[in-house]
Structure formats: C-alpha cells, structure tokens
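Descriptive analysis of the structure
The residues making up each chain are set out below.
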Amino acid sequence: MTKSNSVDLDLILDTAKQAAAIAMSYFAKAPEITIKGDASPVTEADLAIDAFLHDNLRTARPDYGWLSEEREDDGSRHKALRSFVVDPIDGTRAFIAETADWCISIGLIEAGRPIFGVLYCPVSDTVYSAALGQGAYRNGVVLSKQVQIQSAELRIAGPKPLIRSLQEQSKFTVKPMPYVPSLALRLAMVADDSLDATLVKPKSAFWDIAAADLIVDEAGAQLLNIDGSSVDYSAASPKLGAMLAARNNLVQPLLAVVRSSAMG
C-alpha cells in the first residue's frame, strides 16, 4: 500500500469515528423523523452525519467525487478518479428502534470498484475495514479467508420467500437467521463468518453496499449480481437488482436457486 493510499484509509477511519460520536448524540433521544418519497424514514441524525461526512471528506479530498443516500447525485463520481460512496446511517429503522444493528458506511471507489471500505457500528464500537489486496479486519483483527463451508446447515439471511425457495430447491439445509436491518452489516456478517450467505432483494443502492462489498471480497467471499457479475460502481444509476453474498464454494449453487426464484 502506498503512503497516499494509507492516508486515505486513515482519513476514512478517523472521519467515521467522528461521525459515530455525532450519531450517538442523537441515539435514543427521539430524533425528528421524516418519511422520504420512497416511504423510507430519514432522521435528523442521518442528515447531520451526511453533512459532516460531506464537508469533512470533500474538504480533505476536493478532487474526489461523491455519492450518498441523503444527497442528490451531483455527477461528480463520473468525473473523478476516486469517489466516496457513503451511507450516513445504514439501518435507519434500527437507529429509530434504538437497537444496535446500524452503522456508518464509507467506501472509496476507483475504476468502478471499491478500494477502501469502512463500517463503523457506534453502539457496539465495532469497526469493519478493508483495503484492496490488504485483507479485511474487524476491530483490527484480520478476518480469515474461510473459503470452504463444511457444515450442511447454512446460516442464511434474506427475504422470507427466497429463504423458502432455498429450503425447497437446494441440497442444503437452510437455517434462517434473525433479520438485521442494515444491509451493510448483513454483508459484513458473511465476511466475519457469522453468516454463510446473505440474499439481497432488488432496490438497494451503491451506498448500501460499497464499503461492505470490499470487506466481503477481502475476507474470501463474493458479492455478486444474480448474473454472476460484480457490481460496477461507475454505472449511471446507483440502484441495484437482486444480489447474493456467500463464500466462494456456495456462490454457484445458491445463485442457481436465486435465478429461478421470484424476488419481488
């Protein structure tokens, strides 16, 4: 890793830590809630963290592009060599419910793929991080690349209809896991071996997955579209279709079931 790259990761980690303090200043204190056009909630904490991340990261790296959930896409990501892709609170419903399953997600994209990713979970003070080619970490401890799954019972998170399809169609015994509101954390749970796979329904977006994508990959797993391709973060639209995150030897058999199942 070059010095400049190391500095970028340090910047992201430090900024995420500061954003976590802002998040906790609103947590469990009845923040103001607004319902967006897509019927999803946004709190004053989401907006405050988004403003902080934008101002801090763009001031430090004015030539980098930007994309976040709480800000209109200004197109800068299509012009810059590198771009931040941010979700100020991934799992806003968990934040509102005063549970721990939410995080601050910051990814850095170059040539359509993430090169750095950080997830900061303020309630548990848990940090997932990854740098391209440098491995993935949870609280500074490397996540081992457990490429093969030995158990016949798979711990899988995802939409209930798709879980039922897996139970009916696959050779595996599927153990449904409790719902985690944050998609980024569900993906990170594949990276840290808390889950064997995560099934992702359509209509997520780049900001939900950019940081977690690299963490999954660097931990020896894959996050793929249902056609088997990796996500291209240079695409015009940040919206995504159905996806699967799983250890390498599970990807193809699980993708086959996902492709044959409705994911409305």
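Focus: the nonpolar core
In this structure, Leu119, Tyr128, Leu187 and Ile209 are the most contacted members of the largest nonpolar core, which totals 40 residues. Counting residues per element, the ones that place at least two in this core are strand E5 (103–110), strand E6 (113–121), strand E7 (126–131), helix H5 (183–191), helix H6 (206–218), strand E13 (221–225) and strand E14 (243–247). Considering every element that reaches this core, the biggest residue donor is H6, with nine residues. Among residues more than four places away in sequence, those in contact with Leu119 are Cys103, Ile104, Ser105, Thr126, Val127, Tyr128, Ala184, Ala188, Ala211, Ala212 and Ile215. Counting 30 residues, the second largest nonpolar core, distinct from the first, contains Leu9, Leu11, Leu108 and Ile115.

Looking at the sheet that holds E5
Read from one edge of the open sheet, seven strands run E3-E4-E5-E6-E7-E8-E9, paired in mixed fashion. Across the chains shown, the open sheet's two edge strands, defined by having one partner strand only, are strand E3 (65–68) and strand E9 (141–142). Note: E6 against E7, six bridges, orientation antiparallel. Each bridged residue has a counterpart across the sheet, and for Phe116 the counterpart in E7 is Ala131.

Let's talk about the packing of aromatic side chains
Aromatic ring pairs are defined here through the distance separating the ring centres and the angle between the ring planes. For the structure shown, the criterion picks out six aromatic pairs. Put simply, the rings of Phe27, Phe95 and Trp102 pair up and form one aromatic cluster.

Thresholds, definitions, all that
- Residues numbered from 1 in each chain as written.
- Predicted model: local features only at pLDDT ≥ 70, side-chain atom pairs only at ≥ 80, totals over all residues.
- Heavy atoms only, no water.
- Core = buried A, V, L, I, M, F, W, Y, C linked by side-chain atoms within 4.5 Å.
- Buried < 20%, exposed > 50% of the residue type's maximum accessible area, 1.4 Å probe, protein only.
- Helix = DSSP H or I, 4+ residues; strand = E, 2+ residues; numbered from the N terminus.
- Contact = heavy atoms within 4.5 Å.
- Pairing = 2+ DSSP bridges.
- Phe/Tyr/Trp six-rings, centres within 6.5 Å; stacked < 30°, edge-to-face > 60°.

The values are spatial; any link to function lies outside them.
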